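Chain by chain, the residues:
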Amino acid sequence: MSSAPTTSPSVDKVDGFSRKSVRKAKQKRSQSSSQFRSQGKPIELTPLNVGFLEWDRKTAQPELFLKKLQQCCTVFDFMDTLSDLKMKEYKRSTLNELVDYVTVSRGYLTEQAYPEVVKMVSQNIFRTLPPSDSNEFDPEEDEPTLEASWPHLQLVYEFFIRFLESQEFQPSIAKKYIDQKFVLQLLELFDSEDPRERDYLKTVLHRIYGKFLGLRAFIRKQINNIFLRFVYETEHFNGVAELLEILGSIINGFALPLKAEHKQFLVKVLIPLHTVRSLSLFHAQLAYCIVQFLEKDPTLTEPVIRGLLKFWPKTCSQKEVMYLGELEEILDVIEPTQFVKIQEPLFKQISRCVSSPHFQVAERALYYWNNEYIMSLIEENSSVILPIMFSSLYRISKEHWNPAIVALVYNVLKAFMEMNSTLFDELTATYKSDRQREKKKEKEREELWKKLEDLELKRGLRSDGIIPT
Amino acid sequence: SSQQHQEAVHHCASSRCGEDSHGKLYKNDTETQLYSLKMYSIIHIFYNTIYDEDEVLLALAEQLGNFTMLVGGPEYVHCLLPPLESLATVEETVVRDKAVESLRKISQEHSPVDLEVHFEPLVKRLASGDWFTSRTSACGLFSVCYPRVSSTVKAEIRQHFRTLCSDDTPMVRRAAASKLGEFAKVLEPEYVKSDIISLFTALASDEQDSVRLLAVEACVSIATLLPQEDLETLVMPTLRQAAEDKSWRVRYMVADKFSELQKAVGSEITKNDLVPAFQNLLKDCEAEVRAAAANKVKEFCENLPEDNREQIIMTHILPCVKELVSDTNQHVKSALASVIMGLSTILGKDNTIEHLLPLFLAQLKDECPEVRLNIISNLDCVNEVIGIRQLSQSLLPAIVELAEDAKWRVRLAIIEYMPLLAGQLGVEFFDEKLNTLCMAWLIDHVYAIREAATCNLMKLVEKFGAEWAQNTIVPKVLGMANDPNYLHRMTTLFCINALSEACGQEITTKQMLPVVLKMSNDQVANVRFNVAKSLQKIGPVLDSNALQTEVKPVLEKLATDSDMDVKYFAQEAISGMFDFLLSTKLLNFNSLNFIFLLFFLCSFGPSITIPNQRLQDGICHGTLSNQTLKVIACLSQLHTFTSSAASSFVLCGKNTK
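Quick caveat, the model's predicted, so the values are computed rather than measured.

Asks: I'd like a rundown of the overall build of chain B, residues and numbers included.
Replies: Within chain B, the secondary structure is distributed over 36 helices and 0 strands. Taken over 657 residues, chain B has a buried fraction of 56%. Taking the intrachain contacts of chain B between residues at least 6 apart in sequence as the baseline, contacts between residues at least 24 apart amount to 69%. Accessible surface, chain B: about 28,700 Å² in total, of which carbon and sulfur atoms supply 52%.

Below is the structure:
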């Protein structure tokens, strides 16, 4: 667009671009599960004549306990805020006291109680999760939809965790009821949008994994499936971070030598998880898992780093910074023998990052030189690494737009010079002669083009009949 | 390995040359064998050297499907199988899918013997692979080889498919479920009953809803394959169960596929089963499901058996529809609004007036603009049945409100329906009620709206004629030329651009042109260069006299403007007009017009670049007559003409002699 001519200065004062901005404040959304099919009938629970308040929680009263559990199987519709208010409140207090009861009393847990507990928990927590409100739910941008029935749901989770952690709890009896099907439904709930629910689920699953040895392999396999579906099919699952967090401690407990199954999980599931668009939501937990694996078995370093290099982000700078962070975590624990195996492809990538026009990427890569352990590794292998890094460092020390980067690069170059001054001088000399050769080539190319253009011009004229043939 | 790779490429190139130049001569020849051997090794090198880049693998998977002729024709096509087999096992879904696609393609090029010797073992290997990826790929290959193998192999294939349907990995079960319908189609009828139905039932009650919903899709194909009398016992129990599944995704799928299901099961089952199922879906607790069902209302009603269609709609469907009109979810309402008008053609005039009209009117007053918009955009259906007049009283406030909606996309959408509405409501109603709206859009603060508004005016003029334009629109548009806001002044120019052709030469020359010319003195450069653009645009409508005496001096002046953009567009306009004249009826090489034109152009002086090439083309293609000399005489006076054009002109002249 152009400005007004200088001869007559603009008197056009009206702002052509005035606009009213209309923005509504976002409403906080909450959502109920997808299980209510317009029922409309009011729900009646007959309050038990022994109120929980009068209930001496220290003396076991198994029968009352069972009755209360049965009452809590009734599920209320929380989207209708006005219905069944009294009964909702009654259930809430009942649940509260159930929580107290399993925490305090002794000898309450009869064998008959197990199926009732599992039934009550299943009735309350297992439900089809509702569709996400916005079609393109972006966990980084959008507010999560909160579960409407949380006042009850929270207490049910709380109760279940206390139950699992109770000293009287016997996995050998419980395993009849807490079975594969139960675990499968539990895992599906990790897709809940409500972070509070996922947090409780995390604890629940962790306890189950700890207490039920027979379910461990199954749980790992199902998590596998969830991740694979997430990576290759839907790219949508809300509970990835929570599942990874559990896995972090699971990996920690793996026996050595690692089973083939675990290695496969690392290479075929955890590494591909890096490719997902929403990586930032679970990257910290993922990096933790990876490092756990490498601390267990250092020989896995090479496949892991090669995997990361294969999936290295090409256009997403934000992800590149995350990858660099993870790589530093890996380098922190790398064994020198492993480092030697992978240094060449690794530093080729680092050299590309250092010269990235995005200053955050370059900066993150250059911070490696503040890490003493990495510095010592570089120093030991300077004859290999220096030649790889030199030309990009030298070039950006002259060309990078960001002064902070240039300053960092100077430090790195200085460090290199102190490390191996003869090699440094050699590289400087080769770099300069290389540049000159390049320049010469460029000039030659330019001249060639010029000649070609002349030639074309002449031929064109000839065909026009100007120059007689 | 890079050297190896280079060699391979070299081989490939040279081999291809051989293929191209000799074609089928190689057939049944040792050379072919040698050739395909080479290809085989090349493919292997490809496959070994670049195993890691998914993008490359994708391209490779795709290309290998077209390699049949390159490896020596159908006899050797099986040598493409090993690399495709490996590609069909990679993790990346797109690569794997592409490899399966290519395998399906080349399976057709296998002879029946090759299919059993080479292809079918590959399918079996994939089907019993360790990692889930190969098993998912296998699912897509059964149906292409099944029809062409012997009955023992067929039995094996059926067994493999059965196994995969109960695989313990949900990914594989999903793949199998999605191919169930396709596989059922190639099976013999007796096996559809004995095998497919049990698989279908099992998949439809899988523990994962992602598997169950795929079974719904298969249901359509299976139902079409079975005789009517078996549907009730074999398919319907499963379908009923799916329509009431506890997962909304499955119910959504049923709603989404409802028309297909309806056609597949026939009218009797539709009456007894699908009508109540559809009612339930319309009342579902999840908005997603209701919206999907609402979308199908018209189609479902259309496909009902005609004998008691009206009765079913009136007693079963319409009550649900009435409820949906006041649904709490706007997506549901807008889905309904996009099809509800279609019911009027099915129900006829009386029912429409009595039952549907109140619903239309309610939706026209809906709080959600999308709902109103969907109603308005489908007015034509109602127009045919009861005429739009019935609605016009309610229509107007709805249109006015949409026209002033805060979201510009809503305003844009309503503008697009204006010409249609104008046609249906007639010119009087339009002048009275809508004209002001159309003019108000011209000064909207969003450019896209102003642009759409000018386009709208053009369409209105096309509908109502030039006289109407002269009386109602043109004065207002031209009045904006004096607006203090330069954006509004530019809108005048944009309107003129759009309207000149529809209004014709008379109005353009007498009323519009003076305004445009006057605006060439505007203080804002953007206005001035738009004047240049407009002059170019309306040039074709003007007569040559106006061009010569009025347009020319103004463009000449603008071409020397101090602003570089104005200068540029003025020059563009001048050469653009020349282009136009050269390419249309105005140009006749034998006429004096052409000579005037040349004078006209050349009098601009050296600042103007004449499209040399175009001129030369024109001269060379035109038939030069006895007036050639006259033209040359003119040209000789035009020193601004580049010498090359002149000389080529001379050359052409010589040639014709």
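Asks: A description of the overall build of chain A should follow, citing residues and the corresponding values.
Replies: Tallying secondary structure elements over chain A gives 19 helices and 2 strands in all. Out of the 469 residues in chain A, the part that is buried amounts to 48%. Counted over contacts in chain A with a minimum sequence separation of 6, partners at least 24 positions apart contribute 77%. When the accessible surface of chain A is split by element, carbon and sulfur atoms take 52% of a total near 25,000 Å².

Asks: Which residues make up the packing of helix α8 (residues 216–234) of chain A against helix α10 (residues 260–270) of chain A, and what values do they have?
Replies: Residues and elements named next belong to chain A. Remark: α8 packs on α10, axes separated minimally by 11 Å, with the N-to-C direction vectors making an angle of 15°. Considered as vectors, α8 and α10 are oriented roughly parallel to each other. Seen along the crossing, α8 lies across α10 with a hand that is left-handed. On the side of α8, the interface is formed by R220, N224, F227 and L228, while α10 contributes E261, H262, F265, K268 and V269. Partitioned by chemical class, the residues of the contact of α8 with α10 number 4 nonpolar, 2 polar and 3 charged.

Asks: I'd love a proper account of the pattern of salt bridges, names of residues and values included.
Replies: Residue and element names in this part refer to chain A. On inspection of all chains with the given rule, the structure shows 47 salt bridges over all chains. Notably, a salt bridge pairs E89 with R92, separated by 3.1 Å at the nearest N-O pair. Separated by 3 residues within a single helix, E89 and R92 lie in helix α2 (residues 85–104), roughly one turn from each other. Take E89: its relative accessible area is 41%, and that puts it in the partly exposed class. Judged by its relative accessible area of 31%, R92 falls in the partly exposed class. Through salt bridges with shared partners, a single ionic network connects R127, E147 and E197.

Asks: Pulling in residues and values, what's your account of the nonpolar core?
Replies: Core analysis: the biggest nonpolar cluster contains 346 residues, and I208, F227 and L270 of chain A have the highest contact counts within it. The element that contributes the greatest number of residues to this core is helix α29 (residues 486–519) of chain B, accounting for 15 residues. Not counting residues within four places of it along the chain, the set of residues in contact with L270 of chain A comprises L244, I251, F265, L286, C289, I290 and F293 of chain A.

Asks: Describe helix α26 (residues 427–441) of chain B, naming the residues involved and giving the relevant values.
Replies: The periodicity of an α-helix, 3.6 residues per turn, causes residues three or four positions apart to be oriented the same way. Of all the bends in α26 of chain B, the largest measures some 60° and sits at L434 of chain B. Lining the buried residues of α26 of chain B we find α24 (389–403), α25 (408–425), α27 (447–464) and α28 (466–479) of chain B.

Asks: Any chance you could break down unusual backbone geometry for me, citing the residues and the numbers?
Replies: Residue and element names in this part refer to chain A. Cis geometry is found at the peptide bond from L256 to P257, where omega equals -10°. Counting through the fold element by element, P257 comes out in the loop between α9 (240–252) and α10. Here the phi dihedral of E235 falls at roughly 55°; this positive angle occurs in a residue that is not glycine.

Asks: Give a detailed account of the confidence of the model for chain B, specifying residues and quantitative values.
Replies: When pLDDT drops low, the exact placement of atoms in the prediction is not to be read closely. All names here are of chain B. Taken as a whole, chain B shows an average pLDDT of 79; of its residues, 80% reach a score of 70 or greater. Predicted confidence for residues 1–28 stays below pLDDT 50, and this span has 24 contacts to residues more than four positions away or in other chains. Reported for the predicted complex are a pTM of 0.73 and an ipTM of 0.77.

Asks: How would you sum up the confidence of the model for chain A? Please name residues and give values.
Replies: Residues and elements named next belong to chain A. Mean pLDDT over chain A: 83, with 83% of residues reaching 70 or higher. Across residues 1–28 the pLDDT falls below 50, and counting only partners more than four positions away or on other chains, this stretch makes 38 contacts in the model. Predicted confidence for residues 465–469 stays below pLDDT 50, and this span has 7 contacts to residues more than four positions away or in other chains.

Asks: Please set out the packing of aromatic side chains residue by residue, giving values where relevant.
Replies: Aromatic ring pairs are defined here through the distance separating the ring centres and the angle between the ring planes. Residues and elements named next belong to chain A. For the coordinates displayed, the defined rule picks out 37 aromatic pairs over all chains. Between the aromatic rings of F359 and W401, the centroid separation amounts to 5.9 Å while the plane-to-plane angle is 85°, which identifies the pairing as edge-to-face. Of the two residues, F359 is situated in helix α15 (residues 359–366) and W401 in the loop between α17 (382–399) and α18 (403–419); the sequence distance between them amounts to 42 residues. F359 gets classed as partly exposed once you look at its relative accessible area, which sits at 29%. Taking NZ or CZ as reference, K88 lies 4.7 Å from the ring centre of F78, over its face.

Asks: I'd like a description of the packing of helix α21 (residues 343–364) of chain B against α24 of chain B, backed by residues and values.
Replies: All names here are of chain B. Following both chains from N to C, one finds α21 and α24 inclined at 10°, their axes separated by 9 Å at the closest point. The angle between α21 and α24 falls in the class roughly parallel. Each of I353, L357, F360, L361 and L364 in α21 lies in contact with α24, whose residues at this interface are Q390, L391, S394, L395 and A398. When the residues that make up the contact of α21 with α24 are grouped by side-chain class, the tally is 8 nonpolar, 2 polar and no charged.

Asks: Please set out the environment of A177 of chain B residue by residue, giving values where relevant.
Replies: Residues and elements named next belong to chain B. Topologically, A177 is positioned in helix α10 (residues 170–186). For the pair formed by A177 and F200, sequence separation is 23 residues and the distance between their alpha carbons is 7.9 Å. Leave out the neighbours within four places in its chain, and A177 touches L203, V211, L214 and A218.

Asks: How would you sum up helix α16 (residues 258–282) of chain B? Please name residues and give values.
Replies: Helix length check: α16 of chain B, at 25 residues, gives a terminal C-alpha distance of 12 Å against a target of 36 Å (1.5 Å per residue), a shortfall beyond 12%. At G266 of chain B, α16 of chain B is deflected by roughly 120°, the largest bend along its length.

Asks: An account of a negative patch on the surface is needed here, citing residue identities and associated values.
Replies: Residues and elements named next belong to chain A. On the surface, a cluster of negative charge is made up of E442, E444, E446 and E447. Tracing the backbone through its elements, the reader meets E442 in helix α19 (residues 421–464). Judged by its relative accessible area of 49%, E442 falls in the partly exposed class.

Asks: Please give an account of the side chain of E85 of chain B that cites residues and values.
Replies: All names here are of chain B. Following the sequence through the fold, E85 ends up in helix α4 (residues 81–87). The class of E85 is buried, set by a relative accessible area of 16%. Setting aside anything within four residues of it in sequence, one finds E85 in contact with L122, R125 and L126.

Asks: Let's hear about the environment of Q338 of chain A: which residues, and what values?
Replies: Residue and element names in this part refer to chain A. On the secondary structure map, Q338 appears in helix α14 (residues 336–354). Its relative accessible area of 5% is what places Q338 among the buried residues. Residues within four places of Q338 in sequence aside, it is in contact with P298, T299, T301 and E302.

Criteria and cut-off values
Residues numbered from 1 in each chain as written. Chains lettered and ligands numbered in written order. Predicted model: local features only at pLDDT ≥ 70, side-chain atom pairs only at ≥ 80, totals over all residues. Heavy atoms only, no water. Helix = DSSP H or I, 4+ residues; strand = E, 2+ residues; numbered from the N terminus. Buried < 20%, exposed > 50% of the residue type's maximum accessible area, 1.4 Å probe, protein only. Contact = heavy atoms within 4.5 Å. Areas by Shrake-Rupley, 256 points an atom, 1.4 Å probe, with all protein chains shown as cover. Axes fitted to C-alpha atoms, helices over the stretch in contact; angles between N-to-C directions. Parallel < 35°, antiparallel > 145°, perpendicular 65-115°, else oblique. Left-handed = near helix turned anticlockwise from the far one by under 90°. Nonpolar A, V, L, I, M, F, W, Y, C, P; charged D, E, K, R; others polar. Salt bridge = Lys/Arg side-chain N within 4 Å of Asp/Glu carboxyl O. Core = buried A, V, L, I, M, F, W, Y, C linked by side-chain atoms within 4.5 Å. Bend = angle between axes of the 7 residues up to and from the residue. pLDDT = per-residue confidence, 0-100. Phe/Tyr/Trp six-rings, centres within 6.5 Å; stacked < 30°, edge-to-face > 60°. Lys NZ or Arg CZ within 6 Å of the ring centre and 35° of its normal. Expected span 1.5 Å × (residues − 1). Patch = residues over 30% accessible without salt bridge, like charges linked within 9 Å, V, L, I, M, F, W, Y side chains within 5 Å. Lys, Arg positive; Asp, Glu negative; His and termini not counted. Charge placed at Lys NZ, Arg CZ, Asp CG, Glu CD.

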